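Secondary and tertiary structure notes
What follows is each chain in one-letter form.
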Amino acid sequence: MEQLLNHLRHLGFTELEAKVMVSLTQQGTQSGYEVAKRLGVSRSNVYATLQRLVSRGVIQLTPGEPARYTMMPIKEFTQMISGQMGESLTYLEQHMPSETHEQPSFFIVEGERKVIETLNRELDKASEEIVAGIWREEAKWSRQGLERAEQRGVRVLWSFEGDEDGKFSGMLPLTASQQGGRKFWLVVDRRWCIVGMRGDELPAQAIVTEHPLMVELLLQHFAQEIILFELENDLGAELIERYGEGYEHILNKYMPSFVHKDID
C-alpha cells in the first residue's frame, strides 16, 4: 500500500488525495462520510479533497442525498495522467527559457609545486590527445605524465627547445623565444589548457582554463609551427635567402618594432 501511495505522490497528488483515490478504488462508490470514517480523517478535509479530485476529473460525482463518489477506471486514469504529463513536457521543451551558460573561467596557478600538480593531474585524465610546447627544463615536470599517457594509447605531440633524452613519438624540434623567461603550454583532449612561464630567477606561474578560444589559439599556433618546420626542412637555405633569418623580411612589413627589438 505504501508503495502505491508513494507513486501517486510522485504523480503530484497529496497524501490525502492518494488515500481517498485508493479507498474509492478498493471499496467502490462511497459517500464523503464513508470515506472519512474509513480513513479516520475529518469530514471537512475529506470533502475538500473530494472536490479537488472531482475538479481534476479523477473521480466522478453522483448528486444525491448523500452525494456519492466513484473513482474513474484505472486504465482511463493512467491514460489521462500520461496525456497530461506528455503535454506538460512538450510545453516545457518549447517554452522553457534557454539555459545561460557561464563562460569557462581562467585561474592562475603560482609556484612550481602547484603548477606541476595541476599539470600532471590533467595529464593523467587525458584520453585522446596531448599537444604541448615546452622547454627542456620544464619538460621534466611532465615527462612521466606524458609517458603514462602514451602507454594508455594517448596521442602525444609536442615541440621543445633544447636537447631532451628519450624521444616521444610526436616530438618536433621547434624553437621558441626566451624573452622574459621560458614559456610552456599544453592542451589536453582539446578542452583543457595551461599557459605559463618560468625562469631561473622567475617563479613558475601559469594560467589554466577550458575556454574554447584559448584552446583553439594554442592549437593553431602549434599547427603553424608544424608547417614552418616542414617548410624549413624542405626548402632550408632558399627560405633564408628569400625571407631572411627568422623571416624578419616578412615580419618587418607588419611588426617592425618587434623585429628591431628582437635584433637588439
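The preceding data block contains the structure.
Summarised in this report is the structure supplied together with it. (Residues numbered from 1 in each chain as written. Predicted model: local features only at pLDDT ≥ 70, side-chain atom pairs only at ≥ 80, totals over all residues. Heavy atoms only, no water.)

1. Thoughts on the overall build of the protein
Within the protein one finds 11 helices and 10 strands. For the protein, the residues scored as buried account for 34% of the 264 residues in total. Considering only contacts within the protein whose residues lie at least 6 apart along the sequence, 52% involve residues at least 24 apart. Summed over all atoms, the accessible surface of the protein reaches about 17,000 Å², with 53% contributed by carbon and sulfur. (Helix = DSSP H or I, 4+ residues; strand = E, 2+ residues; numbered from the N terminus. Buried < 20%, exposed > 50% of the residue type's maximum accessible area, 1.4 Å probe, protein only. Contact = heavy atoms within 4.5 Å. Areas by Shrake-Rupley, 256 points an atom, 1.4 Å probe, with all protein chains shown as cover.)

2. Let's talk about the nonpolar core
Counting residues in hydrophobic clusters, the biggest one holds 23 residues, and the most contacted among them are Val115, Leu123, Ile130, Leu186 and Ile194. Put simply, the parts of the chain that give this core at least two residues each are helix H6 (112-123), strand S5 (129-135), helix H7 (136-151), strand S6 (155-161), strand S8 (182-188), strand S9 (192-199) and strand S10 (202-209). Considering every element that reaches this core, the biggest residue donor is H7, with four residues. The contact partners of Ile194, leaving out residues within four places of it in the chain, are Val115, Leu119, Phe184, Trp185, Leu186, Ala206, Ile207 and Val208. Core analysis: the next-biggest nonpolar cluster, separate from the first, contains 21 residues, Leu5, Leu8, Ile59 and Tyr69 among them. (Core = buried A, V, L, I, M, F, W, Y, C linked by side-chain atoms within 4.5 Å.)

3. Here we look at a nonpolar patch on the surface
A cluster of nonpolar side chains, namely Ile227, Leu228, Leu231 and Leu235, defines an oily patch on the protein surface of about 320 Å² accessible area. Along the chain, Leu231 turns up in helix H8 (residues 212-235). (Patch = residues over 30% accessible without salt bridge, like charges linked within 9 Å, V, L, I, M, F, W, Y side chains within 5 Å. Salt bridge = Lys/Arg side-chain N within 4 Å of Asp/Glu carboxyl O.)

4. Quick look at the sheet that holds strand S2 (residues 59-62)
Taken in spatial order, the three strands line up as S1-S3-S2 in an open sheet, and their pairing is antiparallel. Whereas interior strands pair on both sides, the edge strands pair on one side only; in this sheet they are strand S1 (30-31) and S2. In terms of strand pairing, S1 meets strand S3 (residues 68-71) through two bridges, oriented antiparallel. When the bridges of S3 are listed, Gln30 appears paired with Tyr69. Relative to the sheet, helix H2 (residues 15-27) contacts S1, S2 and S3, its axis offset from that of S3 by approximately 90 degrees. Docked against the sheet, helix H4 (residues 43-55) engages S2 and S3, running at close to 110 degrees with respect to S2. (Pairing = 2+ DSSP bridges. Axes fitted to C-alpha atoms, helices over the stretch in contact; angles between N-to-C directions.)

5. A few points about the pairing of S8
The buried fraction of S8 is high, at six of seven residues. Alignment of S5 against S8, held across four bridges, turns out to be antiparallel. Its bridge partner being in S8, Gly133 is matched across the sheet by Trp185. By the bridge criterion, seven bridges tie S8 to S9 in an arrangement that is antiparallel. Counterpart to Lys183 in the pairing with S9 is Met197.

6. Remarks on the packing of H6 against H7
Between H6 and H7, the least distance of the axes is 9 Å, while the angle of their chain directions is 15 degrees. In this view, H6 runs roughly parallel relative to H7, as classed from their interaxial angle. In terms of crossing hand, the pair formed by H6 and H7 is right-handed. Of H7, the residues touching H6 (which contributes Glu112, Val115, Ile116, Leu119, Asn120 and Leu123) are Trp141, Ser142, Gly145 and Leu146. (Parallel < 35°, antiparallel > 145°, perpendicular 65-115°, else oblique. Left-handed = near helix turned anticlockwise from the far one by under 90°.)

7. As for the environment of Glu210
When you line up the elements, Glu210 lands in the loop between S10 and H8. In the structure, Glu210 is positioned 104 residues away from Phe106 in sequence and 7.7 Å away in space, judged by C-alpha atoms.

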